[in-house]
Amino acid sequence: MRIIRDYQFVEPQDRGASAAIGNFDGVHLGHQSVIDLARQAEPRAPLGVLTFEPHPREYFAPDAPPFRLMRSATRTHRLEKLGVEKLYELPFNAALAGLAPEDFADAVLSRGLGLSHVVVGGDFCFGKNRSGDAGDLVRFGRDMGFGVTIAPLMERAENVVSSTAIRDALSEGRPRDAAAMLGHWHRIEGEVVGGEQRGRDLGFPTANMSIDGLHPPRFGVYAVLVEVLTGPHKGSHLGAASVGVRPMFGGDRPNIETFLFDFSGDLYGATLSVGLVEFLRPETTFDSIEALVEQMRLDCDRARGALAAP
(Lines give C-alpha, C1' and ligand atoms only; values in the text may rest on other atoms or scores of the structure.)
Protein backbone atom coordinates (compact mmCIF):
# COMPACT_ATOMS: atom_id res chain seq x y z
CA MET A 1 0.00 0.00 0.00
CA ARG A 2 1.25 3.46 -0.90
CA ILE A 3 0.63 6.40 1.44
CA ILE A 4 0.19 9.85 -0.13
CA ARG A 5 0.13 12.88 2.17
CA ASP A 6 0.23 15.83 -0.24
CA TYR A 7 -2.58 16.29 -2.74
CA GLN A 8 -0.61 18.95 -4.62
CA PHE A 9 2.25 16.62 -5.55
CA VAL A 10 0.89 13.25 -6.64
CA GLU A 11 2.81 10.77 -8.77
CA PRO A 12 1.02 9.67 -11.97
CA GLN A 13 0.72 6.07 -10.68
CA ASP A 14 -1.14 7.31 -7.62
CA ARG A 15 -3.91 9.02 -9.59
CA GLY A 16 -7.10 7.48 -10.92
CA ALA A 17 -8.13 5.57 -7.79
CA SER A 18 -11.65 4.73 -6.75
CA ALA A 19 -11.63 5.99 -3.18
CA ALA A 20 -13.77 5.86 -0.06
CA ILE A 21 -13.70 9.13 1.89
CA GLY A 22 -14.02 9.51 5.65
CA ASN A 23 -12.21 9.40 8.98
CA PHE A 24 -12.48 5.60 9.33
CA ASP A 25 -11.90 5.62 13.08
CA GLY A 26 -12.13 1.97 14.04
CA VAL A 27 -12.51 0.78 10.42
CA HIS A 28 -15.81 -0.79 11.48
CA LEU A 29 -18.29 -2.75 9.36
CA GLY A 30 -19.89 0.43 8.06
CA HIS A 31 -16.50 1.71 6.93
CA GLN A 32 -15.74 -1.65 5.36
CA SER A 33 -18.97 -1.52 3.34
CA VAL A 34 -18.03 1.93 2.03
CA ILE A 35 -14.61 0.60 0.98
CA ASP A 36 -16.27 -2.39 -0.71
CA LEU A 37 -18.49 -0.03 -2.71
CA ALA A 38 -15.38 1.84 -3.88
CA ARG A 39 -13.88 -1.49 -4.95
CA GLN A 40 -17.04 -2.43 -6.87
CA ALA A 41 -17.57 0.99 -8.47
CA GLU A 42 -14.36 0.86 -10.54
CA PRO A 43 -12.99 -2.70 -10.43
CA ARG A 44 -10.07 -1.88 -12.71
CA ALA A 45 -9.01 1.21 -10.75
CA PRO A 46 -6.69 1.13 -7.73
CA LEU A 47 -8.64 0.92 -4.48
CA GLY A 48 -8.10 4.04 -2.38
CA VAL A 49 -9.08 5.59 0.92
CA LEU A 50 -8.99 9.32 1.56
CA THR A 51 -8.73 10.28 5.21
CA PHE A 52 -7.26 13.00 7.40
CA GLU A 53 -4.66 13.33 10.14
CA PRO A 54 -5.24 14.63 12.72
CA HIS A 55 -8.90 13.74 12.90
CA PRO A 56 -10.84 16.99 12.20
CA ARG A 57 -12.50 16.68 15.61
CA GLU A 58 -9.04 16.75 17.23
CA TYR A 59 -8.10 19.77 15.13
CA PHE A 60 -11.12 21.84 16.11
CA ALA A 61 -11.24 20.71 19.78
CA PRO A 62 -7.67 19.83 20.79
CA ASP A 63 -8.47 19.94 24.53
CA ALA A 64 -11.50 17.64 24.36
CA PRO A 65 -11.27 14.21 26.05
CA PRO A 66 -9.63 11.49 23.92
CA PHE A 67 -12.13 9.81 21.62
CA ARG A 68 -10.18 7.93 18.95
CA LEU A 69 -10.60 4.17 18.69
CA MET A 70 -7.25 3.78 16.96
CA ARG A 71 -4.13 5.71 16.12
CA SER A 72 -3.24 6.43 12.51
CA ALA A 73 -0.69 3.58 12.33
CA THR A 74 -3.30 1.07 13.52
CA ARG A 75 -5.79 2.40 10.97
CA THR A 76 -3.16 2.00 8.26
CA HIS A 77 -2.55 -1.64 9.22
CA ARG A 78 -6.28 -2.38 9.17
CA LEU A 79 -6.84 -0.69 5.79
CA GLU A 80 -3.93 -2.57 4.29
CA LYS A 81 -5.49 -5.87 5.42
CA LEU A 82 -8.65 -4.86 3.52
CA GLY A 83 -6.70 -4.56 0.28
CA VAL A 84 -6.48 -0.76 0.09
CA GLU A 85 -3.76 0.14 -2.42
CA LYS A 86 -3.64 3.94 -2.06
CA LEU A 87 -4.05 5.66 1.28
CA TYR A 88 -4.44 9.41 0.88
CA GLU A 89 -3.79 10.56 4.46
CA LEU A 90 -3.97 14.33 4.12
CA PRO A 91 -2.81 16.71 6.86
CA PHE A 92 -5.89 18.43 8.27
CA ASN A 93 -4.84 22.05 8.75
CA ALA A 94 -6.17 25.57 8.42
CA ALA A 95 -5.68 25.61 4.65
CA LEU A 96 -7.63 22.41 4.10
CA ALA A 97 -10.32 23.32 6.65
CA GLY A 98 -10.81 26.67 4.92
CA LEU A 99 -11.58 25.30 1.46
CA ALA A 100 -15.10 25.90 0.22
CA PRO A 101 -16.88 22.67 -0.77
CA GLU A 102 -16.48 23.28 -4.50
CA ASP A 103 -12.81 24.16 -4.06
CA PHE A 104 -12.24 20.97 -2.07
CA ALA A 105 -13.85 18.89 -4.81
CA ASP A 106 -11.88 20.64 -7.53
CA ALA A 107 -8.44 21.18 -5.94
CA VAL A 108 -8.26 17.99 -3.85
CA LEU A 109 -10.44 15.31 -5.42
CA SER A 110 -10.33 16.21 -9.09
CA ARG A 111 -7.16 18.09 -10.02
CA GLY A 112 -5.12 17.12 -6.97
CA LEU A 113 -5.64 13.38 -6.54
CA GLY A 114 -7.29 12.74 -9.89
CA LEU A 115 -9.82 10.32 -8.40
CA SER A 116 -11.99 8.40 -10.84
CA HIS A 117 -14.74 7.66 -8.33
CA VAL A 118 -15.52 8.51 -4.71
CA VAL A 119 -17.78 6.82 -2.16
CA VAL A 120 -19.12 8.61 0.92
CA GLY A 121 -21.70 7.92 3.60
CA GLY A 122 -25.11 9.52 3.39
CA ASP A 123 -24.26 11.84 6.29
CA PHE A 124 -21.00 13.04 4.71
CA CYS A 125 -20.26 16.77 5.08
CA PHE A 126 -17.20 18.57 3.75
CA GLY A 127 -15.71 21.96 3.07
CA LYS A 128 -15.51 25.05 5.24
CA ASN A 129 -17.91 24.88 8.19
CA ARG A 130 -19.08 21.46 6.89
CA SER A 131 -21.24 23.38 4.42
CA GLY A 132 -21.14 20.79 1.63
CA ASP A 133 -23.13 17.56 1.69
CA ALA A 134 -23.32 14.34 -0.30
CA GLY A 135 -25.76 15.88 -2.77
CA ASP A 136 -23.31 18.69 -3.50
CA LEU A 137 -20.57 16.12 -4.08
CA VAL A 138 -22.71 14.33 -6.67
CA ARG A 139 -23.19 17.59 -8.53
CA PHE A 140 -19.49 18.50 -8.37
CA GLY A 141 -18.50 15.05 -9.56
CA ARG A 142 -20.79 15.32 -12.56
CA ASP A 143 -19.22 18.67 -13.49
CA MET A 144 -15.60 17.69 -12.73
CA GLY A 145 -15.53 14.20 -14.19
CA PHE A 146 -15.50 11.79 -11.25
CA GLY A 147 -18.23 9.36 -10.22
CA VAL A 148 -19.93 9.49 -6.82
CA THR A 149 -21.66 6.76 -4.83
CA ILE A 150 -23.55 7.53 -1.63
CA ALA A 151 -23.41 4.59 0.77
CA PRO A 152 -26.37 3.88 3.07
CA LEU A 153 -25.78 3.79 6.80
CA MET A 154 -25.26 0.26 8.08
CA GLU A 155 -27.54 -1.05 10.82
CA ARG A 156 -27.07 -4.09 13.03
CA ALA A 157 -29.73 -5.34 15.43
CA GLU A 158 -31.72 -2.13 14.90
CA ASN A 159 -28.74 0.07 15.80
CA VAL A 160 -26.65 2.08 13.37
CA VAL A 161 -23.06 0.85 13.26
CA SER A 162 -20.97 3.86 14.21
CA SER A 163 -17.79 4.84 16.00
CA THR A 164 -19.97 6.45 18.69
CA ALA A 165 -21.86 3.21 19.35
CA ILE A 166 -18.56 1.32 19.54
CA ARG A 167 -17.15 3.82 22.03
CA ASP A 168 -20.29 3.41 24.15
CA ALA A 169 -19.89 -0.38 24.15
CA LEU A 170 -16.25 -0.12 25.21
CA SER A 171 -17.04 2.42 27.93
CA GLU A 172 -19.58 -0.02 29.36
CA GLY A 173 -17.21 -3.00 29.28
CA ARG A 174 -18.86 -4.75 26.35
CA PRO A 175 -15.95 -5.61 24.04
CA ARG A 176 -17.85 -8.40 22.27
CA ASP A 177 -20.60 -5.96 21.30
CA ALA A 178 -17.94 -3.57 20.04
CA ALA A 179 -16.36 -6.40 18.04
CA ALA A 180 -19.73 -7.24 16.46
CA MET A 181 -19.83 -3.72 15.02
CA LEU A 182 -16.14 -3.55 14.18
CA GLY A 183 -15.93 -6.90 12.45
CA HIS A 184 -12.76 -7.55 14.46
CA TRP A 185 -11.62 -7.33 18.07
CA HIS A 186 -11.03 -3.82 19.33
CA ARG A 187 -7.25 -3.58 19.49
CA ILE A 188 -4.91 -1.26 21.32
CA GLU A 189 -1.58 -1.04 19.54
CA GLY A 190 1.61 0.55 20.75
CA GLU A 191 5.20 0.21 21.80
CA VAL A 192 6.04 -1.57 25.03
CA VAL A 193 7.58 0.94 27.43
CA GLY A 194 9.43 0.57 30.69
CA GLY A 195 7.32 0.46 33.84
CA GLU A 196 7.95 0.12 37.55
CA GLN A 197 8.27 -3.69 37.23
CA ARG A 198 5.74 -4.33 39.97
CA GLY A 199 4.18 -7.09 37.90
CA ARG A 200 7.48 -8.90 37.66
CA ASP A 201 7.98 -8.61 41.40
CA LEU A 202 4.51 -10.12 41.91
CA GLY A 203 5.16 -13.02 39.53
CA PHE A 204 3.14 -11.55 36.66
CA PRO A 205 5.51 -9.59 34.37
CA THR A 206 3.53 -7.27 32.13
CA ALA A 207 4.08 -5.42 28.87
CA ASN A 208 3.12 -1.80 29.54
CA MET A 209 1.69 0.47 26.83
CA SER A 210 0.31 4.00 26.80
CA ILE A 211 -3.29 4.66 25.81
CA ASP A 212 -2.75 8.43 25.49
CA GLY A 213 -4.97 9.93 22.82
CA LEU A 214 -7.29 6.92 22.69
CA HIS A 215 -10.83 6.52 23.96
CA PRO A 216 -10.37 4.58 27.21
CA PRO A 217 -12.39 1.37 27.54
CA ARG A 218 -13.95 0.61 30.91
CA PHE A 219 -11.18 0.35 33.48
CA GLY A 220 -10.62 -3.17 34.65
CA VAL A 221 -9.22 -6.57 33.71
CA TYR A 222 -9.78 -8.22 30.32
CA ALA A 223 -9.11 -11.51 28.59
CA VAL A 224 -7.04 -10.56 25.54
CA LEU A 225 -5.55 -11.84 22.32
CA VAL A 226 -2.07 -10.45 21.77
CA GLU A 227 -0.08 -10.05 18.56
CA VAL A 228 3.60 -9.20 18.96
CA LEU A 229 4.14 -7.28 15.72
CA THR A 230 7.85 -6.49 15.88
CA GLY A 231 11.04 -7.83 17.43
CA PRO A 232 12.36 -11.35 17.94
CA HIS A 233 9.19 -12.60 19.69
CA LYS A 234 6.74 -11.91 16.85
CA GLY A 235 3.69 -14.10 17.10
CA SER A 236 0.29 -14.68 18.69
CA HIS A 237 -0.40 -15.16 22.39
CA LEU A 238 -3.24 -15.38 24.89
CA GLY A 239 -3.23 -13.18 27.96
CA ALA A 240 -4.90 -11.00 30.55
CA ALA A 241 -4.63 -7.21 30.59
CA SER A 242 -5.42 -4.48 33.08
CA VAL A 243 -6.61 -1.13 31.74
CA GLY A 244 -6.66 1.80 34.14
CA VAL A 245 -4.69 3.86 36.62
CA ARG A 246 -3.50 1.16 39.08
CA PRO A 247 -5.32 2.50 42.18
CA MET A 248 -3.54 -0.02 44.43
CA PHE A 249 -0.32 1.90 43.77
CA GLY A 250 -1.61 5.46 43.52
CA GLY A 251 -1.43 5.81 39.74
CA ASP A 252 -3.21 8.59 37.90
CA ARG A 253 -2.34 8.13 34.20
CA PRO A 254 -4.26 5.37 32.40
CA ASN A 255 -2.34 2.67 30.55
CA ILE A 256 -2.69 -0.98 29.60
CA GLU A 257 -0.57 -3.68 31.23
CA THR A 258 -0.66 -7.09 29.55
CA PHE A 259 0.45 -10.44 30.93
CA LEU A 260 1.15 -13.02 28.21
CA PHE A 261 0.42 -16.62 29.20
CA ASP A 262 3.25 -19.15 28.90
CA PHE A 263 5.69 -16.52 27.61
CA SER A 264 9.26 -15.73 28.54
CA GLY A 265 11.26 -12.95 26.93
CA ASP A 266 11.98 -9.23 26.77
CA LEU A 267 9.34 -7.18 24.94
CA TYR A 268 10.69 -3.69 25.63
CA GLY A 269 10.52 -1.63 22.44
CA ALA A 270 8.37 -4.18 20.61
CA THR A 271 5.02 -3.16 19.12
CA LEU A 272 2.03 -5.07 20.48
CA SER A 273 -1.56 -5.29 19.32
CA VAL A 274 -3.83 -6.20 22.23
CA GLY A 275 -7.36 -7.31 21.35
CA LEU A 276 -9.99 -6.95 24.09
CA VAL A 277 -12.16 -10.08 24.20
CA GLU A 278 -13.92 -10.30 27.57
CA PHE A 279 -14.34 -7.87 30.47
CA LEU A 280 -13.58 -9.83 33.65
CA ARG A 281 -13.90 -7.36 36.52
CA PRO A 282 -13.61 -3.65 37.30
CA GLU A 283 -10.45 -2.03 38.59
CA THR A 284 -10.29 -2.01 42.40
CA THR A 285 -7.98 -1.88 45.40
CA PHE A 286 -7.10 -4.74 47.75
CA ASP A 287 -6.34 -4.99 51.45
CA SER A 288 -2.94 -6.54 50.83
CA ILE A 289 -0.44 -7.49 48.14
CA GLU A 290 -1.23 -11.13 48.86
CA ALA A 291 -4.91 -10.54 48.11
CA LEU A 292 -3.97 -8.79 44.87
CA VAL A 293 -1.75 -11.68 43.76
CA GLU A 294 -4.49 -14.21 44.51
CA GLN A 295 -6.97 -12.16 42.47
CA MET A 296 -4.49 -11.98 39.60
CA ARG A 297 -4.29 -15.79 39.60
CA LEU A 298 -8.08 -15.97 39.47
CA ASP A 299 -8.15 -13.36 36.69
CA CYS A 300 -5.74 -15.44 34.59
CA ASP A 301 -7.82 -18.59 35.13
CA ARG A 302 -10.97 -16.76 34.08
CA ALA A 303 -9.20 -15.25 31.07
CA ARG A 304 -8.03 -18.68 29.90
CA GLY A 305 -11.59 -19.92 30.20
CA ALA A 306 -13.03 -16.96 28.28
CA LEU A 307 -10.47 -17.34 25.50
CA ALA A 308 -11.15 -21.08 25.22
CA ALA A 309 -14.91 -20.49 24.81
CA PRO A 310 -16.30 -20.64 21.25
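In this text, all values refer to a predicted model and were calculated from it rather than measured experimentally. (Residues numbered from 1 in each chain as written. Predicted model: local features only at pLDDT ≥ 70, side-chain atom pairs only at ≥ 80, totals over all residues. Heavy atoms only, no water.)

1. Focus: the overall build of the protein chain
Here is step 1 of the chain: Looking only at helices and strands, the protein chain has 10 helices and 16 strands in total.
Here is step 2 of the chain: Over its C-alpha trace the protein chain gives a radius of gyration of 22 Å, about what one expects of a compact globule, namely 19 Å for 310 residues.
Here is step 3 of the chain: C-alpha extents for the protein chain along the principal axes are approximately 70 × 40 × 40 Å.
Here is step 4 of the chain: Looking at the protein chain as a whole, 47% of its 310 residues qualify as buried. (Helix = DSSP H or I, 4+ residues; strand = E, 2+ residues; numbered from the N terminus. Rg over C-alpha atoms; globule rule 2.2 N^0.38 Å. Buried < 20%, exposed > 50% of the residue type's maximum accessible area, 1.4 Å probe, protein only.)

2. A look at the nonpolar core
One recurring pattern in soluble globular proteins is that nonpolar side chains are buried together.
Here is step 1 of the chain: Counting residues in each nonpolar core, the largest one holds 30 residues, and the members touching the most others are Leu 50, Leu 96, Phe 104, Val 108, Leu 109 and Leu 137.
Here is step 2 of the chain: At the level of elements, strand S2 (18–21), strand S3 (47–53), strand S4 (86–91), helix H4 (94–97), helix H5 (101–110), strand S5 (117–121) and helix H6 (134–144) are the ones that each hand at least two residues to this core.
Here is step 3 of the chain: No other element matches the 5 residues that H5 contributes to this core. (Core = buried A, V, L, I, M, F, W, Y, C linked by side-chain atoms within 4.5 Å.)

3. Notes on the sheet that holds S3
Here is step 1 of the chain: Reading across the sheet, the 6 strands line up as S1-S4-S3-S2-S5-S8 and stay open at both edges, with parallel pairing between neighbours. Unpaired on one side and paired on the other, strand S1 (2–4) and strand S8 (147–151) mark the two borders of the sheet. Averaged over all adjacent pairs, the angle separating strand axes in this sheet is 25°, with direction ignored.
Here is step 2 of the chain: As paired elements, S2 and S3 share 4 bridges and run parallel to each other. Each residue of the ladder has a partner; that of Ile 21, found in S3, is Leu 50.
Here is step 3 of the chain: Those strands touched by H6 are S5 and S8, and its axis lies near 160° from that of S8. (Pairing = 2+ DSSP bridges. Axes fitted to C-alpha atoms, helices over the stretch in contact; angles between N-to-C directions. Contact = heavy atoms within 4.5 Å.)

4. Thoughts on the pairing of strand S15 (residues 255–260)
Consecutive side chains of a regular strand alternate in pointing toward one face of the sheet and then the other.
Here is step 1 of the chain: In terms of burial, S15 is a largely internal element, 5 of the 6 residues being buried.
Here is step 2 of the chain: Pairing of strand S12 (residues 207–210) with S15 involves 4 bridges; the strand directions are antiparallel. Within S15, the position partnered with Met 209 by the bridge is Ile 256.
Here is step 3 of the chain: Pairing analysis gives 6 bridges linking strand S14 (residues 235–244) to S15, with the strands arranged antiparallel. Opposite Gly 244, over in S15, you have Asn 255 as the bridge partner.

5. Remarks on the pattern of salt bridges
Here is step 1 of the chain: Following the criterion strictly, the structure yields 18 salt bridges and no others.
Here is step 2 of the chain: Between Arg 174 and Asp 177 there is a salt bridge, and its shortest N-O distance comes to 2.7 Å.
Here is step 3 of the chain: A salt bridge links Arg 281 to Asp 299; its shortest N-O distance comes to 2.9 Å. Linking Arg 281 in strand S16 (residues 271–282) with Asp 299 in helix H10 (residues 289–308), this pair joins segments that are 18 residues apart in sequence. Accessibility assignment for this pair places Arg 281 and Asp 299 in one class, buried.
Here is step 4 of the chain: Through salt bridges with shared partners, a single network forms among Arg 5, Glu 53, Glu 58, Arg 68, Arg 75 and Glu 89. (Salt bridge = Lys/Arg side-chain N within 4 Å of Asp/Glu carboxyl O.)

6. Points about helix H7 (residues 163–171)
Because each turn of an α-helix spans 3.6 residues, side chains separated by three or four positions end up pointing in the same direction.
Here is step 1 of the chain: The complete set of buried residues in H7 reads Ser 163, Ile 166, Arg 167, Ala 169 and Leu 170. Buried residues of H7, viewed axially, fall in a sector of 160°; they line one side. (Arc of directions from axis to C-beta.)

7. Some details on the packing of H5 against H6
The relative placement of two packed helices comes down to the angle between their axes together with the axis-to-axis distance.
Here is step 1 of the chain: Packing of H5 against H6 leaves a shortest axis separation of 10 Å and a crossing angle of 50°. Taken together, the axes of H5 and H6 lie oblique to each other. Where H5 crosses over H6, the handedness of that crossing is right-handed. Note on element contacts: H6 touches H5 through Leu 137, Phe 140 and Met 144, opposite Pro 101, Glu 102, Ala 105, Asp 106, Leu 109 and Ser 110.
Here is step 2 of the chain: When the residues that make up the contact of H5 with H6 are grouped by side-chain class, the tally is 6 nonpolar, 1 polar and 2 charged. (Parallel < 35°, antiparallel > 145°, perpendicular 65-115°, else oblique. Left-handed = near helix turned anticlockwise from the far one by under 90°. Nonpolar A, V, L, I, M, F, W, Y, C, P; charged D, E, K, R; others polar.)

8. As for the sheet that holds S12
Here is step 1 of the chain: One open sheet accounts for 6 strands, arranged S11-S16-S13-S14-S15-S12; its pairing is antiparallel. Looking along the sheet, the strands with just one partner apiece sit at the ends: strand S11 (186–191) and S12. Between one strand axis and the next, the sheet turns by 35° as a mean value, whatever way the strands run.
Here is step 2 of the chain: The sheet strands contacting helix H8 (residues 175–182) are S11, strand S13 (220–228) and S16, and the helix crosses S16 at an angle near 135°.
Here is step 3 of the chain: Taken strand by strand, H10 contacts S13, S14, S15 and S16, and its axis lies near 105° from that of S16.

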